Amino acid sequence: MRARAARIMVVMKAGRSRQRRKRFHKRVPAGASPGTLIADPHAPRPRMSVIAYGPSGVVERAIDDPESVRPLLSSHAVVWLNVDGLGDVDTILAVGKVFGLHRLALEDVINVTQRPKLENYGEHQFLVARMIEWADHLETDQLSLFLGKNFVVTFQEKAGDPFDPVRARIRGGKGSIRSRGSDYLAYALVDATIDEYFPVLEKCGERLEALEDRILTAPSPEDIPDVHEIKRDLLTLRRAVWPMRETLALLLRESESLVEKDTRFYLNDCYDHTVQIMDLVETYREIASSLVEMYLSSLSNRLNEVMKVLTMIATIFIPLTFIVGVYGMNFDPDSSPWSMPELRWKYGYVACLLFMVAVTVGLIFFFRRRGWLGQAARMRRDALLSPALDRPPPVHR
């Protein structure tokens, strides 16, 4: 019991420390002028890499000065600049100067608490998405994406992203990505970001299924913190996916968007994926909520089983106690032939014991026939508990 209590306290403390970490954000002071950029002192220093490509070839390298990208903008069809780390305001301003990015959008890049959204600044569009990161628990990182006529600029909180398959397609010339414009590259990055949600949902489904089996077979207080942890993860997913669906819908509806008509078909596929993810998230949240009710129901059922066994034992001993009480009365058989003549029987003691055994067997047989004992009782219990929770649906992309 002490080990269980200690584990529960550790989980609760970890959850509280996680919430404290999430609440701390670097924000612009109240009353500051629009477009004020203040970097988090704990954020990593920016590291920049550029990929410039077209039908004829690819140029890929790491850079230190954003000004070195200008020649690539005029010599290649598409330029993709990726910035990992937001710890230096001067570097971010220099990138904005090269690509003509709006200062208000750069302020949102620094403030990494933005919900997914889309903003149109005329010559370029600004899109915010949330990337999933799974370590000991679920977290999201902000992806800031700028789309221009021949460039895509992405800002990430730290190194590590799901874009390696996109980079491999650009390097190898696989598919049609090198023959298309920057809007197709933006679609590919958004699609890779959304695809990262499906493995996380699969993990959530597996965790829910394991918890369901544990709660049905051997519920314990340790299951409740696990249920709440899954509910927090699903809430994080919902906060990331719900506005992303609205963002993609807005991007598909905009008439002055930089996205070409052919690319909109692919973006519509991304939109369908977000709808599917939302359906799964809502389904899993309902299952997680019902797990608590199932836990309480399982505990109540186990208590009822214990009380039923004790009640049956007491019921069996009631007639036995009555018989023993009757024959324990101090009546003298010599005073009257009706004063317990059984006391003078030669086999009275054996007959009394056999009668008590017959009463016990008869009661047990009666309990089994009524379905209060044995296999029938277990089948009835399983029939009551099994429909309480549906299995998590499989995740299909």
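All values derive from a computational prediction rather than experimental measurement.

## Digging into the overall build of the protein
Reasoning step 1: A count of helical and extended segments in the protein gives 11 helices and seven strands.
Reasoning step 2: Relative to its full complement of 397 residues, the protein shows a buried share of 42%.
Reasoning step 3: Once local pairs closer than 6 in sequence are excluded, the contacts in the protein between residues at least 24 apart make up 68%.
Reasoning step 4: In the form shown here, the protein has an accessible surface area of approximately 21,800 Å², with 57% of it arising from carbon and sulfur atoms.

## Description of a nonpolar patch on the surface
Reasoning step 1: On the surface, Leu 303, Val 306, Met 307, Val 309, Leu 310, Ile 313 and Phe 317 cluster together into a nonpolar patch covering about 650 Å² of accessible area.
Reasoning step 2: Overall, Ile 313 belongs to the partly exposed group, its relative accessible area being 42%.

## Section: the sheet that holds strand 2 (residues 58–63)
Reasoning step 1: Across the sheet, which stays open at both edges, the seven strands sit in the order 2-1-3-7-6-5-4 with mixed pairing between neighbours. Of all the strands in the sheet, just strand 2 and strand 4 (117–120) have a single pairing partner and so form its edges. Across the sheet, the axes of successive neighbouring strands diverge by a mean angle of 20°, strand direction being ignored.
Reasoning step 2: Where strand 1 (residues 47–53) lies against strand 2, six bridges are found, and the strand directions are antiparallel. Across the sheet, residue Tyr 53 finds its bridge partner in strand 2, namely Val 58.
Reasoning step 3: Strands strand 4, strand 5 (125–134), strand 6 (138–147) and strand 7 (151–156) of the sheet are contacted by helix 4 (residues 103–110), whose axis makes an angle of about 160° with strand 6.

## Overview of the pattern of salt bridges
Reasoning step 1: In this structure the tally under the stated criterion is 15 salt bridges.
Reasoning step 2: Its salt-bridge partner being Arg 171, residue Glu 60 comes within 2.7 Å of it at the nearest N-O pair. Remark: Arg 171 occurs in helix 5 (residues 164–172) and Glu 60 occurs in strand 2; sequence separation between them is 111 residues.
Reasoning step 3: Residue Glu 60 is classed as partly exposed on the basis of its relative accessible area, which comes to 38%.

## Remarks on helix 7 (residues 197–217)
Reasoning step 1: Over its 21 residues, helix 7 runs 31 Å from end to end, which matches the ideal 30 Å to within 8%, given 1.5 Å per residue.
Reasoning step 2: Taken residue by residue, helix 7 has Tyr 197, Phe 198, Val 200, Leu 201, Cys 204, Gly 205, Leu 208, Leu 211, Glu 212 and Ile 215 as its buried positions. For helix 7, the arc enclosing every buried residue in end-on projection is 150°, short of the 170-degree limit, so these residues lie on one face. Residues Glu 206 and Thr 217 are exposed on helix 7 and point more than 90 degrees away from its buried face.
Reasoning step 3: Residues of helix 7 that are buried in the fold lie against strand 5, strand 6, helix 6 (182–195), helix 8 (223–253) and helix 9 (261–327).

## A closer look at the packing of helix 7 against helix 9
Reasoning step 1: Where helix 7 contacts helix 9, the two axes come as close as 10 Å, and the packing angle between them is 15°. In terms of their interaxial angle, helix 7 and helix 9 are classed as roughly parallel. Relative to helix 9, the crossing made by helix 7 is left-handed.

## Remarks on the packing of aromatic side chains
Reasoning step 1: Overall, the coordinates contain eight aromatic pairs when judged by the stated rule.
Reasoning step 2: With a centroid separation of 4.9 Å and 50° between ring planes, the pair formed by Phe 99 and Phe 151 is classed as tilted. With Phe 99 in helix 3 (residues 89–99) and Phe 151 in strand 7, this pair connects stretches of sequence that are 52 residues apart. The same class applies to Phe 99 and to Phe 151, which are both buried.
Reasoning step 3: Between Phe 366 and Phe 367 the ring centres are 6.2 Å apart and the planes differ by 55°, which places this aromatic pair in the tilted class.
Reasoning step 4: For Phe 366, a relative accessible area of 43% corresponds to the partly exposed category.

## Some points on the packing of helix 5 against helix 6
Reasoning step 1: For the pair helix 5 and helix 6, interaxial distance at closest approach is 9 Å and the crossing angle is 145°. Here helix 5 contributes Val 166, Arg 169 and Ile 170 to the contact with helix 6, which in turn contributes Tyr 184, Leu 185, Ala 188, Leu 189 and Ala 192.
Reasoning step 2: Classifying every residue of the contact of helix 5 with helix 6 by side-chain character gives seven nonpolar, no polar and one charged.

## As for the pairing of strand 1
Reasoning step 1: When you tally the buried positions in strand 1, you get five out of seven residues, the bulk of the element.
Reasoning step 2: Where strand 1 meets strand 3 (residues 78–84), seven bridges bridge the pair, whose relative direction is antiparallel. Across the sheet, the residue bridging to Tyr 53 is Val 78, located in strand 3.
Reasoning step 3: In sequence, strand 1 turns back onto strand 2 through a hairpin of four residues.

## Overview of the nonpolar core
General note: in soluble globular proteins, nonpolar side chains tend to be found buried as a group.
Reasoning step 1: Counting residues in each nonpolar core, the largest one holds 57 residues, and the members touching the most others are Leu 185 and Leu 237.
Reasoning step 2: Here this core takes 12 residues from helix 9, the largest share from any one element.
Reasoning step 3: Once residues within four sequence positions are removed from consideration, Leu 185 is found in contact with Tyr 53, Val 78, Trp 80, Val 152, Val 166, Ile 170 and Ile 177.

## Notes on the side chain of Gln 125
Reasoning step 1: Its location among the elements puts Gln 125 in strand 5.
Reasoning step 2: One polar contact links Gln 125 to Glu 254, side chain to side chain, over a distance of 2.8 Å.
Reasoning step 3: In this structure the side chain of Gln 125 is engaged in a polar contact, spanning 3.4 Å, whose partner is the backbone nitrogen of Leu 258.
Reasoning step 4: If sequence neighbours within four positions are ignored, Gln 125 has contacts with Leu 118, Glu 119, Asn 120, Leu 145, Phe 146, Leu 147, Leu 251, Glu 254, Ser 257 and Leu 258.

Criteria and cut-off values
- Residues numbered from 1 in each chain as written.
- Predicted model: local features only at pLDDT ≥ 70, side-chain atom pairs only at ≥ 80, totals over all residues.
- Heavy atoms only, no water.
- Helix = DSSP H or I, 4+ residues; strand = E, 2+ residues; numbered from the N terminus.
- Buried < 20%, exposed > 50% of the residue type's maximum accessible area, 1.4 Å probe, protein only.
- Contact = heavy atoms within 4.5 Å.
- Areas by Shrake-Rupley, 256 points an atom, 1.4 Å probe, with all protein chains shown as cover.
- Patch = residues over 30% accessible without salt bridge, like charges linked within 9 Å, V, L, I, M, F, W, Y side chains within 5 Å.
- Salt bridge = Lys/Arg side-chain N within 4 Å of Asp/Glu carboxyl O.
- Pairing = 2+ DSSP bridges.
- Axes fitted to C-alpha atoms, helices over the stretch in contact; angles between N-to-C directions.
- Expected span 1.5 Å × (residues − 1).
- Arc of directions from axis to C-beta.
- Parallel < 35°, antiparallel > 145°, perpendicular 65-115°, else oblique.
- Left-handed = near helix turned anticlockwise from the far one by under 90°.
- Phe/Tyr/Trp six-rings, centres within 6.5 Å; stacked < 30°, edge-to-face > 60°.
- Nonpolar A, V, L, I, M, F, W, Y, C, P; charged D, E, K, R; others polar.
- Core = buried A, V, L, I, M, F, W, Y, C linked by side-chain atoms within 4.5 Å.
- Polar contact = N/O pair within 3.5 Å; in protein donor to acceptor, adjacent residues only side chain to side chain.

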